[in-house]
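Next come the chains, spelled out residue by residue.
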Amino acid sequence: MILDSLKNKAQYATLHPRFQTVFDFIDSHDLASMECGRHDIDGDNIFVSVQELDLRDCTEARLELHRKYIDIQLLLRGPEEVFGWSEKKDCLTPVADFDEEKDIQLFTDIPQCFYTVGEGQFSILFPEDGHAPMLGEGHVKKCIFKIAL
């Protein structure tokens, strides 16, 4: 898991061959005015889901794991978003089997820790990062970039 500000994004561009494409997209688009929904950048290799939603109470945290995609979650507007986090090895109590089509499995385990993401900050979440996003109070607009491994 990585948490940082967009002003430092260049430090992470070489961590994965597709990260630079994501950061270039961020630089060249007015994300705050994009309509909600999926926007393809490179088909299923890289796409972004723009969402507006009400945050949930931390007691409703459900850790999620992915197998095919890395997430880069970016808060565009709203109060701080809280994330729960746990190592994959500590995600022991699944809600259901892994959903191959949606590339997700949810868990009811209590997150090992919580952290906040403010406007203009992003979190990079790898398949080994169990994460519970969309927690806190208020309404946010965010982008979830999905980068195929």
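Our structure's up above, just so we're on the same page.
Here the residue numbers are simple positions, counted from 1 along each chain's written sequence. For a predicted model such as this one, the threshold for reporting local features is a pLDDT of at least 70, and the threshold for listing and counting side-chain atom pairs is 80 or more; totals across whole chains, interfaces and linings nevertheless cover every residue. The side-chain figures draw on all heavy atoms in the structure; neither hydrogens nor water molecules are used.

Peer 1: Even after reading the chapter, I still don't get the overall build of the protein, so can you show me in this structure?
Peer 2: What the protein contains, in helices and strands, is 1 helix and 11 strands. Going residue by residue from the N terminus, the α and β elements of the protein occur as β-α-β-β-β-β-β-β-β-β-β-β. Based on C-alpha atoms, the radius of gyration is set beside the globule rule, defined as 2.2 Å times the residue count to the power 0.38. Compactness check: the protein gives a C-alpha radius of gyration of 14 Å against a globular reference of 15 Å for 149 residues, within 12% of the reference. Expressed along its principal axes, the backbone C-alpha trace of the protein runs to roughly 40 × 30 × 25 Å. Partly exposed describes any residue whose relative accessible area lies between the buried limit of under 20% and the exposed limit of over 50%, with all areas from a 1.4 Å probe on protein chains only and scaled to the type maximum. Buried residues in the protein amount to 48% of all 149 residues. Whether two residues touch is decided by their heavy atoms; if any such pair falls within 4.5 Å, the residues are in contact. Contacts spanning at least 24 positions in sequence make up 80% of the contacts within the protein whose residues lie at least 6 apart. Per-residue accessibility takes into account occlusion by the displayed protein chains alone, with areas from the Shrake-Rupley method and a 1.4 Å probe. Taken as a whole, the protein presents about 7500 Å² of accessible surface, with 49% of it coming from carbon and sulfur. Helix and strand labels come from DSSP, where a helix needs a run of H or I of at least four residues and a strand needs a run of E of at least two; each type is numbered from the N terminus.

Peer 1: Would you mind showing me how to read the packing of aromatic side chains here?
Peer 2: One pair of aromatic rings is described through two measures. These are the centre distance and the angle between the planes. Two aromatic rings from Phe, Tyr or Trp, using only the six-membered ring of Trp, form a pair when their centres are within 6.5 Å; if the ring planes differ by under 30 degrees the pair is stacked, by over 60 it is edge-to-face, and anything between is tilted. Evaluated as defined, the whole model comprises 6 aromatic pairs. Centre to centre, the rings of Phe47 and Tyr69 are 5.5 Å apart; their planes meet at 75°, and the pair counts as edge-to-face. In this pair, Phe47 is assigned in strand 3 (residues 46-54) and Tyr69 in strand 5 (residues 69-77), connecting sequence segments 22 residues apart. Sitting over the face of the ring of Phe47, Arg38 holds its NZ or CZ atom 3.7 Å from the ring centroid. One Lys or Arg, Arg67, reaches over the ring of Phe98 and ends 3.8 Å from the middle of that ring. A ring has a charge above it when a Lys NZ or an Arg CZ is no more than 6 Å from the ring centre and no more than 35 degrees off the ring normal.

Function-wise, these values are silent; they only describe arrangement.
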